[in-house]
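If you want the building blocks of each chain, they are given just below.
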Amino acid sequence: MLKTLFHLSVFVINASFLCYDQMYLELPMPHKSMENLPFKSRSMFLTIWCLVLQTIYHLVSFLNDIAGSNARAPKKPPVIRKIKDTLFSVAFTAAIYVSLAFWGIYAVDRDLIFPDSIAKIYTPLFNHIMHTTVSVFILIELLTSHINYPSRKVGLSALFSFKLLYLMWFFIIYVKTGAWPYPIFDKLNWPARFGFIAVSLYIAFIFYVIGEKINKVVSHSKVTYTNGTTKSKSKKS
(Lines give C-alpha, C1' and ligand atoms only; values in the text may rest on other atoms or scores of the structure.)
Protein backbone atom coordinates (compact mmCIF):
# COMPACT_ATOMS: atom_id res chain seq x y z
CA MET A 1 0.00 0.00 0.00
CA LEU A 2 2.78 2.46 0.89
CA LYS A 3 4.56 1.76 -2.39
CA THR A 4 1.35 2.39 -4.32
CA LEU A 5 0.76 5.68 -2.47
CA PHE A 6 4.36 6.70 -3.11
CA HIS A 7 4.10 6.12 -6.85
CA LEU A 8 0.75 7.88 -7.05
CA SER A 9 1.98 10.84 -4.98
CA VAL A 10 5.09 11.35 -7.13
CA PHE A 11 3.00 11.12 -10.28
CA VAL A 12 0.55 13.71 -8.95
CA ILE A 13 3.33 16.10 -7.85
CA ASN A 14 5.11 15.97 -11.20
CA ALA A 15 1.97 16.00 -13.32
CA SER A 16 0.53 18.92 -11.33
CA PHE A 17 3.68 20.97 -11.87
CA LEU A 18 3.73 20.19 -15.60
CA CYS A 19 0.07 21.19 -15.94
CA TYR A 20 0.58 24.38 -13.93
CA ASP A 21 3.64 25.23 -15.98
CA GLN A 22 1.75 24.78 -19.24
CA MET A 23 -1.31 26.71 -18.10
CA TYR A 24 0.08 29.63 -16.11
CA LEU A 25 3.82 30.20 -16.52
CA GLU A 26 5.38 32.24 -19.32
CA LEU A 27 9.12 31.91 -19.80
CA PRO A 28 11.20 34.47 -21.70
CA MET A 29 12.94 32.77 -24.61
CA PRO A 30 16.52 33.62 -25.68
CA HIS A 31 15.26 33.97 -29.26
CA LYS A 32 11.79 34.98 -30.47
CA SER A 33 11.60 32.09 -32.93
CA MET A 34 11.78 29.70 -29.95
CA GLU A 35 8.42 30.88 -28.66
CA ASN A 36 6.47 28.51 -30.93
CA LEU A 37 8.33 25.31 -30.10
CA PRO A 38 6.26 22.35 -28.86
CA PHE A 39 5.17 21.98 -25.24
CA LYS A 40 5.12 25.74 -24.79
CA SER A 41 8.81 25.81 -25.80
CA ARG A 42 9.74 23.63 -22.82
CA SER A 43 10.66 20.83 -25.23
CA MET A 44 14.07 22.43 -25.70
CA PHE A 45 15.08 21.69 -22.09
CA LEU A 46 16.49 18.29 -21.09
CA THR A 47 15.13 19.00 -17.61
CA ILE A 48 11.57 18.82 -18.91
CA TRP A 49 12.27 15.68 -20.93
CA CYS A 50 13.57 14.13 -17.71
CA LEU A 51 10.59 15.30 -15.65
CA VAL A 52 8.12 13.90 -18.20
CA LEU A 53 10.05 10.61 -18.13
CA GLN A 54 9.88 10.49 -14.31
CA THR A 55 6.15 11.20 -14.44
CA ILE A 56 5.56 8.39 -16.93
CA TYR A 57 7.72 6.03 -14.89
CA HIS A 58 5.81 6.59 -11.66
CA LEU A 59 2.48 6.26 -13.47
CA VAL A 60 3.59 2.93 -14.95
CA SER A 61 4.83 1.89 -11.51
CA PHE A 62 1.45 2.76 -10.00
CA LEU A 63 -0.31 0.67 -12.67
CA ASN A 64 2.13 -2.16 -12.02
CA ASP A 65 1.29 -1.99 -8.29
CA ILE A 66 -2.35 -2.52 -9.19
CA ALA A 67 -2.25 -4.93 -12.10
CA GLY A 68 1.31 -6.20 -12.35
CA SER A 69 3.84 -7.73 -9.99
CA ASN A 70 6.32 -6.37 -7.46
CA ALA A 71 7.86 -9.75 -6.76
CA ARG A 72 11.63 -9.89 -6.60
CA ALA A 73 12.01 -12.15 -9.62
CA PRO A 74 8.68 -13.35 -11.05
CA LYS A 75 9.02 -16.37 -13.32
CA LYS A 76 6.68 -14.83 -15.87
CA PRO A 77 6.74 -11.04 -15.25
CA PRO A 78 3.74 -9.18 -16.68
CA VAL A 79 4.42 -6.91 -19.64
CA ILE A 80 3.87 -3.81 -17.50
CA ARG A 81 6.55 -5.03 -15.05
CA LYS A 82 9.02 -5.45 -17.92
CA ILE A 83 8.20 -1.94 -19.14
CA LYS A 84 8.58 -0.56 -15.62
CA ASP A 85 12.00 -2.15 -15.09
CA THR A 86 13.31 -0.95 -18.46
CA LEU A 87 11.94 2.54 -17.87
CA PHE A 88 13.66 2.62 -14.49
CA SER A 89 17.08 2.02 -16.02
CA VAL A 90 16.60 5.14 -18.17
CA ALA A 91 14.74 7.23 -15.57
CA PHE A 92 17.39 6.65 -12.90
CA THR A 93 20.25 7.67 -15.18
CA ALA A 94 18.41 10.73 -16.52
CA ALA A 95 17.42 11.96 -13.05
CA ILE A 96 20.90 11.63 -11.53
CA TYR A 97 22.50 13.25 -14.57
CA VAL A 98 20.07 16.20 -14.62
CA SER A 99 20.47 16.88 -10.89
CA LEU A 100 24.26 16.67 -10.83
CA ALA A 101 24.76 18.55 -14.12
CA PHE A 102 22.34 21.33 -13.16
CA TRP A 103 23.61 21.89 -9.63
CA GLY A 104 27.23 21.47 -10.71
CA ILE A 105 26.96 24.20 -13.36
CA TYR A 106 24.77 26.26 -11.02
CA ALA A 107 27.54 26.22 -8.40
CA VAL A 108 30.10 27.47 -10.93
CA ASP A 109 27.99 30.14 -12.66
CA ARG A 110 24.23 30.22 -12.23
CA ASP A 111 23.72 32.39 -15.31
CA LEU A 112 25.02 29.60 -17.53
CA ILE A 113 22.13 27.32 -16.61
CA PHE A 114 19.49 29.26 -14.65
CA PRO A 115 19.59 33.00 -15.47
CA ASP A 116 17.58 35.54 -13.48
CA SER A 117 14.95 35.80 -16.22
CA ILE A 118 14.03 32.16 -15.61
CA ALA A 119 14.67 32.15 -11.84
CA LYS A 120 12.01 34.87 -11.46
CA ILE A 121 9.42 32.55 -13.00
CA TYR A 122 10.47 29.22 -11.52
CA THR A 123 10.34 29.61 -7.74
CA PRO A 124 12.72 27.57 -5.53
CA LEU A 125 9.93 24.99 -5.08
CA PHE A 126 9.52 24.57 -8.83
CA ASN A 127 13.29 24.52 -9.28
CA HIS A 128 13.64 21.66 -6.81
CA ILE A 129 10.79 19.70 -8.40
CA MET A 130 12.64 19.89 -11.72
CA HIS A 131 16.21 19.42 -10.54
CA THR A 132 16.30 17.87 -7.06
CA THR A 133 13.31 15.71 -6.19
CA VAL A 134 13.62 13.75 -9.44
CA SER A 135 16.79 12.21 -7.98
CA VAL A 136 15.42 11.92 -4.44
CA PHE A 137 12.33 10.03 -5.63
CA ILE A 138 14.20 7.72 -7.98
CA LEU A 139 16.76 6.90 -5.26
CA ILE A 140 13.91 6.05 -2.86
CA GLU A 141 12.52 3.81 -5.58
CA LEU A 142 15.88 2.11 -6.05
CA LEU A 143 16.26 1.42 -2.33
CA THR A 144 12.71 0.21 -1.68
CA SER A 145 11.64 -1.67 -4.81
CA HIS A 146 12.67 -4.83 -6.58
CA ILE A 147 14.05 -3.74 -9.95
CA ASN A 148 15.14 -6.28 -12.54
CA TYR A 149 17.40 -4.34 -14.87
CA PRO A 150 17.07 -5.37 -18.52
CA SER A 151 20.10 -6.75 -20.34
CA ARG A 152 22.75 -4.07 -20.71
CA LYS A 153 22.21 -4.10 -24.47
CA VAL A 154 18.51 -3.32 -24.07
CA GLY A 155 18.99 -0.84 -21.24
CA LEU A 156 21.77 1.15 -22.89
CA SER A 157 19.91 1.11 -26.21
CA ALA A 158 16.89 2.64 -24.47
CA LEU A 159 19.05 5.18 -22.64
CA PHE A 160 21.01 6.36 -25.66
CA SER A 161 17.88 6.45 -27.82
CA PHE A 162 16.44 8.87 -25.26
CA LYS A 163 19.66 10.92 -25.23
CA LEU A 164 20.09 10.96 -29.01
CA LEU A 165 16.48 11.99 -29.60
CA TYR A 166 17.04 14.96 -27.33
CA LEU A 167 20.35 15.85 -28.99
CA MET A 168 18.78 15.72 -32.44
CA TRP A 169 16.03 18.06 -31.28
CA PHE A 170 18.62 20.26 -29.55
CA PHE A 171 20.54 20.80 -32.80
CA ILE A 172 17.36 21.18 -34.87
CA ILE A 173 16.40 24.06 -32.59
CA TYR A 174 19.79 25.69 -33.12
CA VAL A 175 19.56 25.30 -36.91
CA LYS A 176 16.03 26.73 -36.96
CA THR A 177 16.59 29.61 -34.55
CA GLY A 178 20.33 30.30 -34.49
CA ALA A 179 20.22 30.23 -30.68
CA TRP A 180 21.14 27.60 -28.10
CA PRO A 181 18.61 26.45 -25.49
CA TYR A 182 21.28 26.69 -22.76
CA PRO A 183 23.48 29.81 -22.37
CA ILE A 184 26.53 27.67 -21.58
CA PHE A 185 26.72 26.64 -25.25
CA ASP A 186 27.15 30.29 -26.25
CA LYS A 187 30.39 30.34 -24.25
CA LEU A 188 31.88 27.30 -26.03
CA ASN A 189 33.38 26.87 -29.48
CA TRP A 190 32.41 23.91 -31.68
CA PRO A 191 35.13 21.49 -30.49
CA ALA A 192 34.24 22.31 -26.88
CA ARG A 193 30.52 21.80 -27.60
CA PHE A 194 31.10 18.34 -29.06
CA GLY A 195 33.48 17.57 -26.22
CA PHE A 196 30.84 18.63 -23.69
CA ILE A 197 28.28 16.35 -25.37
CA ALA A 198 30.71 13.40 -25.56
CA VAL A 199 31.61 13.74 -21.88
CA SER A 200 27.91 14.03 -20.99
CA LEU A 201 27.11 10.79 -22.83
CA TYR A 202 30.02 9.04 -21.13
CA ILE A 203 28.87 10.28 -17.71
CA ALA A 204 25.37 9.00 -18.50
CA PHE A 205 26.88 5.58 -19.25
CA ILE A 206 28.75 5.66 -15.92
CA PHE A 207 25.55 6.57 -14.05
CA TYR A 208 23.73 3.72 -15.78
CA VAL A 209 26.36 1.21 -14.65
CA ILE A 210 26.37 2.66 -11.12
CA GLY A 211 22.58 2.32 -10.89
CA GLU A 212 22.79 -1.23 -12.15
CA LYS A 213 25.48 -2.13 -9.60
CA ILE A 214 23.71 -0.45 -6.69
CA ASN A 215 20.49 -2.25 -7.59
CA LYS A 216 22.32 -5.57 -7.59
CA VAL A 217 23.77 -4.92 -4.14
CA VAL A 218 20.48 -3.63 -2.72
CA SER A 219 18.42 -6.49 -4.15
CA HIS A 220 20.76 -9.01 -2.51
CA SER A 221 20.58 -7.34 0.89
CA LYS A 222 16.87 -6.60 1.14
CA VAL A 223 14.97 -8.16 4.02
CA THR A 224 11.43 -9.46 3.78
CA TYR A 225 9.12 -9.76 6.73
CA THR A 226 7.20 -12.98 7.17
CA ASN A 227 4.78 -13.58 10.07
CA GLY A 228 6.56 -11.04 12.26
CA THR A 229 10.05 -12.46 11.60
CA THR A 230 12.73 -11.42 9.17
CA LYS A 231 14.36 -13.46 6.47
CA SER A 232 17.43 -12.07 4.76
CA LYS A 233 17.70 -12.19 1.00
CA SER A 234 21.47 -11.76 1.20
CA LYS A 235 23.65 -14.29 -0.56
CA LYS A 236 26.90 -15.37 0.96
CA SER A 237 29.85 -14.97 -1.36
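Preceding this paragraph is the structure being described.
Calculation rules
Residues numbered from 1 in each chain as written. Predicted model: local features only at pLDDT ≥ 70, side-chain atom pairs only at ≥ 80, totals over all residues. Heavy atoms only, no water. Helix = DSSP H or I, 4+ residues; strand = E, 2+ residues; numbered from the N terminus. Expected span 1.5 Å × (residues − 1). Buried < 20%, exposed > 50% of the residue type's maximum accessible area, 1.4 Å probe, protein only. Polar contact = N/O pair within 3.5 Å; in protein donor to acceptor, adjacent residues only side chain to side chain. Axes fitted to C-alpha atoms, helices over the stretch in contact; angles between N-to-C directions. Parallel < 35°, antiparallel > 145°, perpendicular 65-115°, else oblique. Contact = heavy atoms within 4.5 Å. Nonpolar A, V, L, I, M, F, W, Y, C, P; charged D, E, K, R; others polar. Phe/Tyr/Trp six-rings, centres within 6.5 Å; stacked < 30°, edge-to-face > 60°. Lys NZ or Arg CZ within 6 Å of the ring centre and 35° of its normal. Patch = residues over 30% accessible without salt bridge, like charges linked within 9 Å, V, L, I, M, F, W, Y side chains within 5 Å. Areas by Shrake-Rupley, 256 points an atom, 1.4 Å probe, with all protein chains shown as cover. Salt bridge = Lys/Arg side-chain N within 4 Å of Asp/Glu carboxyl O. Left-handed = near helix turned anticlockwise from the far one by under 90°.

**Q** Which parts of the structure should I look at to understand helix H8 (residues 190-221)?
**A** In an α-helix, one full turn covers 3.6 residues, which means residues spaced three or four apart are oriented alike. Helix length check: H8 (32 residues) gives 47 Å between terminal C-alpha atoms against 46 Å at 1.5 Å per residue, within 8%. When H8 is considered as a whole, its buried residues turn out to be Arg193, Ile197, Ser200, Ala204, Phe207, Tyr208, Val209, Gly211, Glu212, Asn215, Val218 and Ser219. If you check the start of H8, you find a side-chain oxygen 2.9 Å away from the backbone N of Ala192, and it comes from Asn189.

**Q** What is the right way to read the packing of helix H3 (residues 79-108) against helix H5 (residues 124-131) from this model?
**A** What describes two packed helices is the angle between their axes and the distance between those same axes. Across the interface, H3 lies against H5 with an axial gap of 9 Å and an inter-helix angle of 130°. When the interaxial angle is binned, H3 and H5 end up oblique. Together, Val98, Ser99, Phe102 and Trp103 of H3 and Asn127, His128, Met130 and His131 of H5 make up the contact between the two elements. For the contact of H3 with H5, a count of residues per class yields 4 nonpolar, 4 polar and no charged.

**Q** What am I meant to see in the environment of Leu167 here?
**A** Relative to the assigned elements, Leu167 resides in helix H7 (residues 152-177). For the pair formed by Leu167 and Leu46, sequence separation is 121 residues and the distance between their alpha carbons is 9.1 Å.

**Q** Is there a simple way to explain the packing of aromatic side chains in this structure?
**A** Centre-to-centre distance and the angle between the planes together describe a pair of aromatic rings. Following the criterion strictly, the structure yields 31 aromatic pairs and no others. Ring centres of Phe170 and Phe171 lie 5.8 Å apart, and the angle between their planes is 85°; on these two criteria the pair is classed as edge-to-face. For Phe170, a relative accessible area of 2% translates into the label buried. For Phe171, a relative accessible area of 22% translates into the label partly exposed. Aromatic rings pair up to connect Trp49, Phe162, Tyr166, Phe170, Phe171, Tyr174, Trp180, Phe185, Trp190, Phe194 and Phe196 into one cluster. A cation over an aromatic ring shows up here: Lys163 above the ring of Tyr97, its NZ or CZ 4.1 Å from the ring centre. Looking at Arg193, its charged tip hangs above the ring of Trp190, at a distance of 4.9 Å from the centre.

**Q** Before we go on, may I ask you to explain a nonpolar patch on the surface in this structure?
**A** A cluster of nonpolar side chains, namely Leu143, Tyr202, Ile206, Ile210 and Ile214, defines an oily patch on the protein surface of about 450 Å² accessible area. Among the elements that make up the nonpolar patch, the one with the highest residue count is H8 (4 residues). Tracing the chain through its elements places Tyr202 in helix H8. You can call Tyr202 exposed: its relative accessible area is 54%.

**Q** Honestly, the packing of helix H2 (residues 46-67) against helix H6 (residues 133-144) in this entry has me stumped. Any pointers?
**A** Axis separation between H2 and H6 bottoms out at 11 Å; the angle between their running directions is 30°. By the criterion of interaxial angle, the relationship of H2 to H6 is roughly parallel. The interaxial crossing formed by H2 with H6 has left-handed handedness. Listed contacts from H6 to Leu51, Gln54, Tyr57, His58 and Ser61 of H2 are Val134, Phe137, Ile138 and Glu141. For the contact of H2 with H6, the class distribution of residues is 5 nonpolar, 3 polar and 1 charged.

**Q** Explain the side chain of Ser135 here, please?
**A** Counting through the fold element by element, Ser135 comes out in helix H6. The residues touching Ser135, leaving out its near neighbours within four places in the chain, are Ala95, Ile96 and Ser99.

**Q** I tried to follow unusual backbone geometry on my own but got confused; where do I start?
**A** For residues other than glycine, phi is negative in most cases, and the peptide bonds are mostly trans. Backbone geometry at Phe39 places phi at a positive 60°, although glycine is not the residue there. Despite not being glycine, Lys40 shows a phi value in the positive range, around 55°. Along the chain, Lys40 turns up in the loop between helix H1 (2-24) and H2. By relative accessible area, Lys40 is classed as partly exposed at 24%.

**Q** I'm lost on the pattern of salt bridges in this one. Help?
**A** Opposite charge on two side chains makes pairing possible when the charged atoms of those side chains draw close. If you walk through the whole model with that rule in mind, you get 7 salt bridges. Arg42 is the salt-bridge partner of Asp21, the closest N and O atoms lying 2.9 Å from each other. Of the two residues, Asp21 is situated in helix H1 and Arg42 in the loop between H1 and H2; the sequence distance between them amounts to 21 residues. An identical accessibility class is assigned to Asp21 and Arg42; each is buried.

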